[in-house]
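Per-entry structural report
Okay, here's what each chain looks like letter by letter:
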Amino acid sequence: MSLNWKYQESFAGRHIGPEAPEVKQMLSTLGVDSLDAFIERTVPPAIRAQEPLRLPPGRGENEVLAQLEAIAAKNQVFRSFIGMGYHDTHVPNVILRNIFQNPGWYTQYTPYQAEIAQGRLEALLNFQTMVTDLTGMEVANASLLDEGTAAAEAMGLALHAKGDSTGGAFFVSEGCHPQTVDVVRTRALPLGVEVVVGDHRTVDLSAKKFFGALVQYPATDGVVHDYRAFGEKVHAAGGLFIVAADLLSLTLLTPPGEFGADVAVGSAQRFGVPLGYGGPHAAFFATKNAYTRVMPGRLIGVSEDAQGRPALRMALQTREQHIRREKATSNICTAQVLLAVMAGMYAVYHGPDGLKSIAERVHGLTVLLARGLTKLGFKPRHDQFFDTLRVELTTAQVRGVLAAAEGAKMNFRRIDDKTLGLALDETTRAKDVEDILAAFVQGANKAGGPVVLEELASDLESPLAKEVHRSSAYLTHPVFNRYHSETEMLRYVRRLEAKDLSLTHSMIPLGSCTMKLNATAEMIPVTWPQFSKLHPFAPTSQAAGYKVIFEQLEHALSQVTGFAGCSLQPNAGSQGEYAGLLVIRAYHQARGQGHRDVCLIPSSAHGTNPASAVMAGYQVVVTKCDENGNIDLKDLAVRADEYKDRLAALMVTYPSTHGVFEEEIKEICAIIHERGGQVYMDGANLNAQVGLTAPGHIGADVCHINLHKTFCIPHGGGGPGMGPICVASHLVKFLPGHPVIPTGGAEAIGAISAAPWGSASILLISWMYVQMMGGEGLTEATKLAILNANYIAERLQPHYPVLYRGKRGRVAHECILDLRPLKKTAGVEVEDVAKRLMDYGFHAPTVSFPVAGTLMIEPTESESKAELDRFCDAMIAIRQEIRDVEEGRSPKDNNVLKNAPHTARTLTAPEWNRPYTREQAVFPTAWVRDNKFWPSVGRLNNVLGDRKLVCSCPPIEDYETPAQKVA
């Protein structure tokens, strides 16, 4: 027996679903002999890459994890007292293990199919309720990307409220976090909004037409202002009053809704979400009921199912940019669902008393620190504070104290050459306060021994004025007062998880969403303390490990896209679109072409495209598509000529949104370039390009990359996401900068996200994926993604027409099934098929996008042939159920499709008055009988949910059945 002693572990084989015999069978179905021959006949030769990806070979999981451990050791985790909206926190272990590290939570999709997403929807409703209670506002959304962008969205809402989408002045308090100020400035610039930064106590609001004002509560240097009078001035000037607030402080401080705020924004990070060198974290956005329909982001509401029982859903979905396109008030597509779930569960775990206890301890330690500093002769500037102190020293003392702190592995905030900031948090203990005081003694050469806290603690009272004390109750709903033992908390989390379908159950074949494997090895490092406990504004010398990750990932993404430079800052695809468009805008301005303001967008484009273009200050001009779904070249040329003097950009998705490789894509790019424009390529469909072609090779100038699609960051139930941009060499100098930690090019645009590298910690996932796959593995994954899609299209073509195919008769990595004829023949809507798929154990493909009445299917490379066949068998069986309606064997208004999904409660009801059996309803295949996933509610009443908005936890009685109420 001969032995092979060489290391042979291959991750690519774990990531890619079909094995060699299955690939051969699928190729045979498609009438092709080899995978390479299939790709040759599918991907246009004009765009094919001539060389393989210049990336190292893939390596095994254990080898790469060992390498990452060595890289992680380069990071230095200091105790952080920097603050600025980021605070260390304890993640309750029951949440860490059962949500953050649990694929049953992090592989879920956005809850558009509410019947199989009730657990996550309830968790998000808890988050909304937590936010409304603590802020004192009337309604809150289900999270935004970060505090800076939430503040910018609030400015956008205020701008919309004044009745004009551009112009005017917006006041920002100098007490706001600097990253927030910069993000707001970035967002304001293309809209023609003047941002005035100053002191809220002295600003003259009558000097300009201010449509809104933003303040920080507490301020970035810790002072707690009473903003009542200022809010009245803002309202008197006709503007909206916006408050960026700290959630933990609101357990002790008067909430913004009680002193006149129209909008409250902020971060929920310190509610049990790791620092992660900047993210991901859930921001919050709360406002008055009057602004519900223009509020950005997602909103979870209460409705009823077909049996009249309470059920949750995403409310007011028509607000989303997918529908409203250039008329949308925001381009936000990705939320931070997983992190919002964690933050909401943190409040459930601790309850109102627990949160208040944490806040009082943090505040008490801060008071002790203030007393100790005062005793040393460094009395903090402000008497009114919660957890942050501003200390003024000499320049020499600042240098000395910072050096002493560094020697003790502590980070303080350097506000300026003569001022330090100190922020305490949940993890701070008495020893930390003593160490801080010791650093001041040593650094400022103060005589005397160490400060003893017990000597300072007598008669410890809060210095906060009564005017800012909170008196109102919060978190009174039973959900925040019931699950405080770990036993109860664990069961509650697991109960909600069981209501949601995720990738742990079956494939989620959503077109344009790329729901592929999120490998365990990729996820493990995210919670390593060397990565998770770094403050985003810690000195970069302490983040040498992150620097390695950033540089290697940027290089890999540049290789994949064929571009010269990369920015990792945008923390969502929507942010990437916006950043790319601003880079193009800056490029035109730098060459004296700032008047170019027209953005051409094909009618098939993703809804975020026109919304992003409007936000970036462009006029959107829609171009036509032909009957095959391709861009109409004649119409494109006509439009490009019509606006050639103003043409700034074309936004194009490739492969097209219709799921085909357009043969003329290079000609399309040339049309734009010849008329002075730039080509922005939406990266949503990059999974069909990697290793076979590249945006830079095709002719684009900039693209964003959805790392939560192509590069394996999990969808997390609707977020987190990341949307880095890659650009051609002439655009590199405009890549986004940052006001705190320098990033970007020599002529950088302003900050796009609050943190310098966006949600830095989850970049580890994509780094792991690239390292384990290697160039060859990434290319193989692309080939299999295209093969799997074509296999599904071939199997389903006899039953459902495939709406679009390329000139070679193939689809790309996704296909669109046309269900529109079924409405005429059987009265069956696409929604009926989507709901019936739940009974077969599947999440529906993308419904009615980009064409109403269709299903867009994307299987990805991670699904085996067996799973593809199971899905196809389900779709074919459903087609037979439709045929039964068409041929009169089933009634049109009372059949398995119209009544789907079928719940266990429906199945076990005493009466069964339906013209099909219970078995047909819930066990349509043998596989389902052994692996049943039960939808927890029946079909949702969407109209009722939009007409009667309830967007926070309703009273517990509302969840009781009539029988329970009588009992």
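Residues numbered from 1 in each chain as written. Predicted model: local features only at pLDDT ≥ 70, side-chain atom pairs only at ≥ 80, totals over all residues. Heavy atoms only, no water.

**Quick word on the overall build of the chain**
Test applied: For the purposes of this entry, the term helix denotes a DSSP run of H or I that reaches at least four residues, the term strand denotes a run of E that reaches at least two, and both are numbered from the N terminus. Within these notes, the globule rule equals 2.2 Å times the number of residues to the 0.38 power, and the radius of gyration is based on C-alpha atoms. Contact criterion: two residues are considered in contact whenever any of their non-hydrogen atoms come within 4.5 Å of each other. All accessibility values rest on the Shrake-Rupley procedure with a 1.4 Å probe; residue burial counts only the protein chains present in the view. In this charge count, Lys and Arg are treated as positive and Asp and Glu as negative; neither His nor the chain ends contribute. Taken as the charge centre is NZ of Lys, CZ of Arg, CG of Asp or CD of Glu, depending on the residue.
Secondary structure summary: the chain contains 33 helices and 23 strands in total. A compact globule built from 967 residues should have a C-alpha radius of gyration of about 30 Å, and the chain, at 28 Å, falls within 12% of that. For the chain, the spread of C-alpha atoms along the three principal axes comes to 90 × 75 × 75 Å. Across the chain, contacts joining residues at least 24 apart in sequence account for 77% of those joining residues at least 6 apart. Total accessible area computed for the chain in this model is approximately 33,800 Å², and 49% of it derives from carbon and sulfur atoms. Looking at the chain, you have 93 positive and 103 negative side-chain charges, and the mean spots of the two groups are 1 Å apart.

**Here's the deal with the packing of helix α2 (residues 20-29) against helix α28 (residues 865-886)**
When two helices pack together, you describe them by how their axes are tilted relative to each other and by the distance separating the axes. For clarity, the cut-off: Here, axes are lines fitted to C-alpha atoms. For helices the fit covers the stretch in contact, and angles between N-to-C directions go from 0 to 180 degrees. We call two directions roughly parallel when the angle between them is under 35 degrees, roughly antiparallel when it is over 145, roughly perpendicular when it lies between 65 and 115, and oblique otherwise.
Where α2 contacts α28, the two axes come as close as 10 Å, and the packing angle between them is 45 degrees. With respect to α28, the element α2 is oriented oblique. Residues E22, Q25 and M26 of α2 lie in contact with α28, whose contacting residues are K865, A866 and L868.

**A look at the pairing of strand β21 (residues 815-818)**
Cut-off, in case you're wondering: Burial classes: relative accessible area under 20% of the type maximum marks a residue as buried, over 50% as exposed, and values in between as partly exposed (1.4 Å probe, protein chains only). A pair of strands is treated as paired once DSSP finds two or more bridges between them.
With burial as the criterion, each face of β21 is covered, one bearing C815 and L817 and the other bearing I816 and D818. Taken together, the four bridges between β21 and strand β23 (residues 854-857) define a ladder with antiparallel strand orientation. Bridge pairing in β23 places C815 opposite I857.

**Here we look at the sheet that holds strand β3 (residues 169-173)**
Strand order across the open sheet formed by seven strands is β2-β8-β7-β6-β5-β3-β4, with mixed pairing between neighbours. Each edge of the open sheet carries a strand with a single partner, namely β2 (139-140) and β4 (194-198). Note that strand β5 (residues 210-217) and strand β6 (residues 240-245) share six bridges and pair parallel. Bridged to L214 within β6 is I242. In the packing of helix α7 (residues 118-135) onto the sheet, contacts are made with β2, β7 (263-267) and β8 (283-287), and the angle to β8 comes to roughly 60 degrees.

**Concerning helix α20 (residues 573-590)**
In plain terms, the rule: Take the number of residues in a helix, subtract one, and multiply by 1.5 Å to get its expected span.
Compared with an ideal rise of 1.5 Å per residue, which puts 18 residues at 26 Å, α20 spans 26 Å between its outermost C-alpha atoms and is within 8% of the ideal. Within α20, 16 of the 18 residues are buried, leaving the element largely enclosed by the surrounding structure. Downstream of α20 by one or two residues, G592 has phi in the positive range, about 75 degrees.

**Considering the pattern of salt bridges**
Quick note on the threshold: Basic side-chain nitrogens of Lys or Arg form a salt bridge, by our definition, when they fall within 4 Å of a carboxyl oxygen of Asp or Glu.
With the rule as written, the count across this model stands at 47 salt bridges. Across the pair D500 and R120 runs a salt bridge, and its minimum N-O distance is 2.9 Å. In this pair, D500 sits in the loop between α16 (486-497) and α17 (520-523) while R120 sits in helix α7, placing the two residues 380 residues apart along the sequence. Per residue, the accessibility class of D500 equals that of R120, and both read buried. Here D832 makes a salt bridge to K898, at a shortest N to O gap of 2.8 Å.

**Digging into the sheet that holds strand β19 (residues 702-704)**
Taken in spatial order, the seven strands line up as β14-β20-β19-β18-β17-β15-β16 in an open sheet, and their pairing is mixed. One side of each edge strand has no neighbouring strand; the edge strands of this open sheet are β14 (565-567) and β16 (619-623). Going across the sheet, the axis of each strand differs from the next one's by a mean of 20 degrees, ignoring polarity. Pairing geometry for β14 and strand β20 (residues 725-727), over three bridges, is antiparallel. Looking at the pairing, G565 lines up with V727 of β20. The sheet strands contacting helix α19 (residues 544-561) are β14, β19 and β20, and the helix crosses β14 at an angle near 125 degrees. Where helix α21 (residues 608-615) meets the sheet, its contacts fall on β15 (598-602), β16, β17 (647-653) and β18 (678-682), and the angle it forms with β15 comes to roughly 175 degrees.

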